[in-house]
Amino acid sequence: MTAPNAKPLIKSKFFVVFVPYLWLFLFFLAPFLIVLKISLSQTAIAMPPYLPTFDFSEGIGAAFSELKELSLDNYAFLFSDSLYIKSYLSSLQIALISTALLLAIGYPIAYGMARSPKAWRPTLVMLVILPFWTSFLIRVYAWIGILSREGLLNTFLVWTGLIDTPLTILSTNIAVYIGIVYSYLPFMVLPLYAALEKMDESLLEAASDLGCPPLKTFWVVTFPLSLPGVVAGCFLVFIPAVGEFVIPDLLGGSSTLMIGKTLWAEFFSNRDWPLASSVAVILLMILVIPIVFFQNAQQRQQERDS
Amino acid sequence: MKKGPSLFNVVSVTLGFAFLYLPIILLVIYSFNSGRNVAIWAGWSTKWYVAMVQNQQLLDAAWVTLRVGLLSATVATVLGTMAALTLVRHGRFMGRTLFSGMVYAPLVMPEVITGLSLLLLFVAINFDRGFWTVTIAHITFSLCFVAVVVQSRLVTFDRSMEEAAMDLGCPPFKTFFVITLPIILPAIIAGWMLAFTLSLDDLVIASFTTGPGATTLPMRIYSAVRLGVTPEINAVSTVLIAVVTVGVVAASLITKRQEAERQRAERLAGAAP
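Nothing here was measured: the structure is a model prediction, and the numbers come from that model.

**Q** Tell me about the overall build of chain A, and name the residues and values.
**A** The secondary structure content of chain A amounts to 14 helices and 2 strands. The buried share among the 306 residues of chain A stands at 52%. When the accessible surface of chain A is totalled, it reaches about 14700 Å², and 71% of it is carbon and sulfur.

Below is the structure:
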């Protein structure tokens with residue numbers, strides 16, 4: 001490259017890196033630090049409803065003395081009230097079971113897609129992606145009409161004579177599982193499909209030529225090779241499922257405890273911002289391990305591809 | 001070796017797609033139900049669409065959502081493309097790990113956390129909440145999705161074309177706009193559409209970051225849904241589904257045709273002596 005070209009390149013390079021970096025720093029990272037700070041504050045009847053507020057206009061000294069007002073009271077409260085611990089545990093449980101269900105349901109679909117005639121595959125992939133483009137809220141809403149007591153499913157089952165009295169599915173955890181599996185299915189199918197589609201089919205032929213029965217071939221050859229897809233899919237559904245709000249709120253009942261719902265109620269109904277912040281901080285601490293793991297997997301994938 | 005899909009594969013794919021599509025199809029059909037009860041079919045009618053068009057609150061919310069979506073998707077596409085270029089093209093630089101972390105983490109971050117943290121930021125800096133705060137929030141999370149989409153295209157990018165242009169004396173800035181941008185354009189368009197639909201769709205983050213006068217369509221739908229299923233909401237949903245479906249199918253057909261044309265051009269170029 002010639003010398004006159006080098007200079008503007010460096011400048012534009014700096015610009016390309018700097019602008020998104022600054023944006024994410026300001027609107028993604030900095031807010032977390034604020035959440036952390038507010039989680040250590042006290043609730044107050046004011047606007048904003050917490051103390052201290054760190055008003056730097058009063059000088060650094062005044063702000064510094066307010067530092068002493070920070071406390072771990074909110075965290076102590078979280079651990080003393082069983083509601084929160086139960087919410088965390090039940091969120092993890094619901095997310096874990098949903099992830100297992102998604103893997104069990106998504107794998108055969110992805111496998112079938114990867115083994116379909118090559119000409120069909122782009123269309124099938126688009127058909128999986130299409131529901132993901134349509135509104136999440138609407139897709140969850142669609143299930144209310146199906147699962148409610150006077151809903152389509154009950155009407156249909158009574159009509160066929162399979163049941164006499166309508167089943168109660170809506171407002172139970174079963175409805176939450178159905179909602180999560182339904183909404184997150186594309187996130188599970190696509191990474192699985194990507195891994196299965198790349199697989200070299202001659203490996204399967206080799207196994208069968210050597211007398212390996214099909215089912216064993218699957219467990220010895222296919223499944224291990226699709227593992228990156230399995231890992232990506234599981235993280236992609238598990239992490240957001242733990243903090244899910246819309247699905248438990250609309251499909252679950254009052255007995256459905258999920259931390260996203262608890263945080264929402266703490267924030268919007270009780271207007272306890274510091275407590276809501278500490279709920280968020282603990283949730284983030286629970287999720288930080290899987291998030292870092294997911295991120296590393298993504299980065300490795302990217303480095304492999306390039 | 002057996003050729004063609006086995007029965008098991010056909011059945012699992014068919015059942016999978018039935019599961020994905022049946023609820024949406026039922027929702028669309030029942031938006032044309034003339035009765036109020038969702039499970040009892042009372043004949044075809046378009047009266048819920050008429051009711052929807054006459055609902056001023058709903059129309060206002062749709063207008064807010066459209067504006068937020070267009071603006072946030074456009075800014076997010078520019079920033080996301082820059083982030084993708086940074087991730088793919090720049091080897092090591094200070095804070096690279098932090099940067100890639102900030103790009104990937106929002107993809108899986110629970111929405112309640114993102115929403116809460118952004119709201120607390122806006123309160124802390126005393127920023128009036130409303131249209132602009134929702135837009136900033138949407139830019140922030142959708143730029144990461146754009147970055148991932150564009151990045152996957154950049155990874156498979158053949159850099160010899162850029163090198164050829166620069167060897168012929170094309171300045172880097174111009175090279176980007178003449179060579180690089182046209183090639184990654186399908187991914188950028190896909191990224192924009194993804195950002196737009198994410199914005200159109202978002203309830204949780206908008207609920208946290210909004211203020212008076214900036215109620216979005218999902219927020220209106222949500223407050224109506226909490227009171228139960230109504231055919232009017234089915235009608236709104238059907239319109240949204242139709243818009244998104246037409247957009248996605250049209251975009252994929254266009255990119256398919258462009259890809260075919262590009263391949264033909266490459267073949268022709270290759271065949272030339």
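**Q** So what's going on with the environment of phenylalanine 223 of chain A? Which residues, and what values?
**A** All names here are of chain A. Mapped onto the fold, phenylalanine 223 is located in helix α10 (residues 214-225). Look at phenylalanine 223 and you get partly exposed, because its relative accessible area is 21%. Expressed as a C-alpha distance, the spacing of phenylalanine 223 and tyrosine 107, which sit 116 residues apart in the sequence, is 9.8 Å. In contact with phenylalanine 223, not counting residues within four places along its chain, are Tyr107, Phe218 and Val230.

**Q** An account of a nonpolar patch on the surface is requested, with residue identities and associated values reported.
**A** On the surface, a nonpolar cluster with roughly 530 Å² of combined accessible area is contributed by Leu22, Ile25, Ile29, Trp41 and Trp44 of chain B. By the secondary structure assignment, tryptophan 41 of chain B is in the loop between α1 (7-30) and α2 (47-54).

**Q** With reference to specific residues and values, describe the interface of chain A and chain B.
**A** Between chain A and chain B, the residue contacts involve 92 residues of the former and 93 residues of the latter. Taken together, both faces of the contact between chain A and chain B bury some 8400 Å²; the carbon and sulfur share is 81%. Where chain A touches chain B, the interface holds 1 salt bridge. Note that aspartate 249 of chain A and arginine 226 of chain B form a salt bridge whose closest N and O atoms lie 3.8 Å from each other.

**Q** Quick rundown of the side chain of serine 116 of chain A? Include the residues and the values.
**A** Residue and element names in this part refer to chain A. Assignment of secondary structure puts serine 116 in the loop between α4 (82-114) and α5 (121-133). Relative accessible area serves as the criterion here: at 5%, serine 116 is assigned to the buried category. A distance of 2.6 Å separates a polar atom in the side chain of serine 116 from the backbone oxygen of methionine 113. Beyond its immediate chain neighbours, meaning those up to four positions away, serine 116 contacts Arg121 and Leu124.

**Q** Can you tell me about the pattern of salt bridges, naming the residues and giving the values?
**A** Summed over all chains, the structure comprises 4 salt bridges over all chains. A salt bridge links arginine 121 of chain A to glutamate 197 of chain A; the shortest N-O distance between them is 3.1 Å. With arginine 121 of chain A in helix α5 and glutamate 197 of chain A in helix α8 (residues 173-198), this pair connects stretches of sequence that are 76 residues apart. Linked by salt bridges that have partners in common, Arg89, Arg159 and Glu162 of chain B make up one network.

**Q** Lay out the nonpolar core in plain terms, naming residues and giving numbers.
**A** Met113 of chain A together with Leu143 and Phe208 of chain B are the most contacted members of the largest nonpolar core, which totals 168 residues. Taken domain by domain, this core gets at least three of its residues from each of domain 1 (1-30) and domain 3 (74-305) of chain A. Formed by 5 residues, the second largest nonpolar core is a distinct cluster that contains Met199, Leu204, Cys212 and Val221 of chain A.

**Q** Quick one: what's the story with empty space enclosed by the protein, residue by residue and with numbers?
**A** Inspection of every chain in the model, using the stated rule, returns 3 cavities of 30 Å³ or more. Lining the largest cavity we find 12 residues, and of these Ala142, Gly145 and Leu152 of chain A together with Leu27 and Asn234 of chain B sit closest to its centre. For the lining of the largest cavity, the class distribution of residues is 10 nonpolar, 2 polar and no charged. Looking at the second largest cavity, its volume works out to about 50 Å³. As for the second largest cavity, its lining consists of Trp133 and Ser135 of chain A together with Thr197, Leu200, Asp201, Leu240 and Val244 of chain B. Where the lining of the second largest cavity is concerned, the elements lending two or more residues are α8 (172-201) and α11 (231-271) of chain B.

**Q** Describe the confidence of the model for chain A, and please don't skip the residues or the numbers.
**A** All names here are of chain A. Scored by pLDDT, chain A has a mean of 83; 87% of the residues are at 70 or more. The secondary-structure element of chain A with the lowest mean pLDDT is helix α2 (residues 60-66), recorded at 59, while α4 shows the highest, at 93. Considering only residues more than four positions removed or in separate chains, one finds that residues 1-8, a stretch of pLDDT under 50, has 4 contacts.

**Q** Any details on the packing of aromatic side chains? Residues and values, ideally.
**A** Enumeration over the complete set of coordinates arrives at 34 aromatic pairs over all chains. Considering the side-chain rings of tyrosine 107 of chain A and phenylalanine 223 of chain A, the 5.7 Å spacing of their centres and the 40° angle between planes classify their relative orientation as tilted. Here the residue tyrosine 107 of chain A occupies a position in helix α4, and phenylalanine 223 of chain A occupies one in helix α10, the gap between them amounting to 116 residues. With relative accessibility at 7%, the residue tyrosine 107 of chain A sits in the buried group. Clustering of aromatic rings is evident, with ring pairs tying together Phe245, Trp264, Phe267, Phe268 and Trp273 of chain A together with Phe208 and Tyr222 of chain B. The cationic tip of arginine 115 of chain A hangs over the ring face of tyrosine 111 of chain A; the distance from NZ or CZ to the ring centre is 5.0 Å.

**Q** Just give me the short version of the confidence of the model for chain B, but keep the residues and values in it.
**A** When pLDDT is averaged along chain B, the result is 86, and 96% of the positions lie at 70 or above. Of all helices and strands in chain B, the one with the weakest mean pLDDT is α11 of chain B (82), whereas helix α9 (residues 204-209) of chain B scores best (93).

**Q** Can you explain the side chain of threonine 114 of chain B? Please cite residues and give values.
**A** Residue and element names in this part refer to chain B. Within the element layout of this structure, threonine 114 appears in helix α5 (residues 111-124). Threonine 114 sits in the buried class, given a relative accessible area of 6%. Ignoring anything within four residues of it in the chain, the contact list for threonine 114 reads Met109 and Ile205.

**Q** Before we move on, can you summarise the packing of α8 of chain A against helix α11 (residues 227-242) of chain A with the specific residues and values?
**A** Residues and elements named next belong to chain A. Running from N to C, α8 and α11 point in directions that differ by 155°, and their axes come no closer than 7 Å. With respect to each other, α8 and α11 are oriented roughly antiparallel. α11 is crossed by α8, and the crossing has right-handed handedness. Contacts between α8 and α11 involve Ile180, Tyr184, Phe187, Met188, Pro191, Leu192 and Ala195 from the former and Gly229, Val230, Ala232, Gly233, Cys234, Leu236, Val237, Pro240 and Ala241 from the latter. Among the residues making up the contact of α8 with α11, the classes are represented as 14 nonpolar, 2 polar and no charged.

**Q** Residue-level account of α2 of chain B, with values.
**A** Given 3.6 residues per turn, any residue in an α-helix points the same way as the ones three and four places further on. Residues and elements named next belong to chain B. Residues of α2 that are buried: Trp48, Tyr49 and Met52. Here the buried residues of α2 occupy an arc of 100° about the axis, which is enough to place them on one side. Residues of α2 that are exposed and point more than 90 degrees away from the buried face comprise Val53 and Gln54.

**Q** With reference to specific residues and values, describe α1 of chain B.
**A** Counted at 1.5 Å a residue, the expected span for α1 of chain B with its 24 residues is 34 Å, and the 33 Å between its end C-alpha atoms agrees. The sharpest bend along α1 of chain B comes to roughly 35°, located at tyrosine 21 of chain B, with the proline proline 23 of chain B sitting one to four residues further on.

**Q** Tell me about the environment of isoleucine 97 of chain A, and please be specific about residues and values.
**A** Its place among the elements puts isoleucine 97 of chain A in helix α4. Between the alpha carbons of isoleucine 97 of chain A and leucine 190 of chain A there is a distance of 20 Å; along the sequence they are 93 residues apart.

**Q** Let's hear about a negative patch on the surface: which residues, and what values?
**A** Together, Asp200, Glu201, Glu205 and Asp209 of chain A make up a negatively charged patch on the protein surface. Secondary-structure assignment places aspartate 209 of chain A in helix α9 (residues 201-209).

What counts and what doesn't
- Residues numbered from 1 in each chain as written.
- Chains lettered and ligands numbered in written order.
- Predicted model: local features only at pLDDT ≥ 70, side-chain atom pairs only at ≥ 80, totals over all residues.
- Heavy atoms only, no water.
- Helix = DSSP H or I, 4+ residues; strand = E, 2+ residues; numbered from the N terminus.
- Buried < 20%, exposed > 50% of the residue type's maximum accessible area, 1.4 Å probe, protein only.
- Areas by Shrake-Rupley, 256 points an atom, 1.4 Å probe, with all protein chains shown as cover.
- Contact = heavy atoms within 4.5 Å.
- Patch = residues over 30% accessible without salt bridge, like charges linked within 9 Å, V, L, I, M, F, W, Y side chains within 5 Å.
- Salt bridge = Lys/Arg side-chain N within 4 Å of Asp/Glu carboxyl O.
- Buried area = accessible area lost by both parts, 1.4 Å probe.
- Polar contact = N/O pair within 3.5 Å; in protein donor to acceptor, adjacent residues only side chain to side chain.
- Core = buried A, V, L, I, M, F, W, Y, C linked by side-chain atoms within 4.5 Å.
- Domains from an automatic or database assignment.
- 1 Å grid on protein atoms, 1.4 Å probe; cavity = no way out; pocket = protein on both sides within 12 Å on 5 of 7 lines; lining within 4 Å.
- Points joined across faces, edges and corners; volume = space filled by probe spheres on them.
- Nonpolar A, V, L, I, M, F, W, Y, C, P; charged D, E, K, R; others polar.
- pLDDT = per-residue confidence, 0-100.
- Phe/Tyr/Trp six-rings, centres within 6.5 Å; stacked < 30°, edge-to-face > 60°.
- Lys NZ or Arg CZ within 6 Å of the ring centre and 35° of its normal.
- Axes fitted to C-alpha atoms, helices over the stretch in contact; angles between N-to-C directions.
- Parallel < 35°, antiparallel > 145°, perpendicular 65-115°, else oblique.
- Left-handed = near helix turned anticlockwise from the far one by under 90°.
- Arc of directions from axis to C-beta.
- Expected span 1.5 Å × (residues − 1).
- Bend = angle between axes of the 7 residues up to and from the residue.
- Lys, Arg positive; Asp, Glu negative; His and termini not counted.
- Charge placed at Lys NZ, Arg CZ, Asp CG, Glu CD.

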